[in-house]
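A closer look at the structure
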Amino acid sequence: MADTIADTRRLFSKPQNINDAYGPPSNFLEIDVSNPETIGVGRTRYTTYEVRLKTNLPIFKLKESSVRRRYSDFEWLRAELERESKVVVPPLPGKALFRQLPFRGDDGIFDDSFIEERRQALEHFLNKVAGHPLAQNERCLHMFLQDESVDKTYTPSKIRQA
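Residues numbered from 1 in each chain as written. Predicted model: local features only at pLDDT ≥ 70, side-chain atom pairs only at ≥ 80, totals over all residues. Heavy atoms only, no water.

Identification of the protein chain as PX domain-containing protein from Eleginops maclovinus is taken from an unreviewed UniProt entry. As recorded by UniProt, the Sequence similarities (unreviewed entry) comment attached to the protein chain reads in full: "Belongs to the sorting nexin family." (UniProt positions renumbered as here; feature names shortened; annotations may be inferred.)

Shown next as structure tokens:
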């Protein structure tokens, strides 16, 4: 039996500087849903949310964007992802049909606490969906996050990395 000696020398590693330690992460994707605004009066009243994206992922054409979306746009995105992708799409927060009944003592779906609850749930939904590598290739997601308006007559396709 030959005597073997284990090599316990450390691998050479580059010393970390302050920019490496506290600089932006190598890959990041941040999505915030914020600033709800209620628009219109009576039966034409609805709430929009600001959807802000910051990323350094090469698949996104814009590194920062901000668009306004309403709940029906989120429903469209979910339906498109279910139809076109192989991703298991998480549920959206419910429609709150009970809150839409007339003669309620509060503002129903326009009540501040309901809007905030829905905002948080929509942000959670978007971060789950956009964080999925397969969903990131879907044109509908890019359109939803970065185009000023959603073209619901678009041709579904995959995004090719540059």
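Next comes the rest of the account.
1. Comments concerning the overall build of the protein chain
A count of helices and strands for the protein chain gives 4 helices and 3 strands. Scanning the protein chain from its N terminus toward the C terminus, one meets helices and strands in the order α-β-β-β-α-α-α. Excluding contacts between residues fewer than 6 apart, the proportion of contacts in the protein chain whose partners are at least 24 apart in sequence is 54%. (Helix = DSSP H or I, 4+ residues; strand = E, 2+ residues; numbered from the N terminus. Contact = heavy atoms within 4.5 Å.)

2. A short note on the sheet that holds strand E3 (residues 64–70)
Across the sheet, which stays open at both edges, the 3 strands sit in the order E1-E2-E3 with antiparallel pairing between neighbours. Here the strands that pair on one side only, and so sit at the sheet edges, are strand E1 (29–39) and E3. Averaged over all pairs of adjacent strands, the angle between strand axes in this sheet comes to 20 degrees, irrespective of strand direction. Here E1 runs beside strand E2 (residues 46–55); their pairing, made up of 9 bridges, is antiparallel. Looking across to E2, one finds that Val33 is bridged to Val51. (Pairing = 2+ DSSP bridges. Axes fitted to C-alpha atoms, helices over the stretch in contact; angles between N-to-C directions.)

3. Focus: the packing of helix H3 (residues 112–130) against helix H4 (residues 139–146)
Contact geometry of H3 with H4 gives a least axis separation of 12 Å together with a crossing angle of 135 degrees. Between H3 and H4, the interaxial angle falls into the category oblique. H4 is crossed by H3, and the crossing has left-handed handedness. Along the contact surface, H3 presents Leu126, Val129 and Ala130, while H4 presents Leu141, Phe144 and Leu145. Residues belonging to the contact of H3 with H4 are distributed by class as follows: 6 nonpolar, no polar and no charged. (Parallel < 35°, antiparallel > 145°, perpendicular 65-115°, else oblique. Left-handed = near helix turned anticlockwise from the far one by under 90°. Nonpolar A, V, L, I, M, F, W, Y, C, P; charged D, E, K, R; others polar.)

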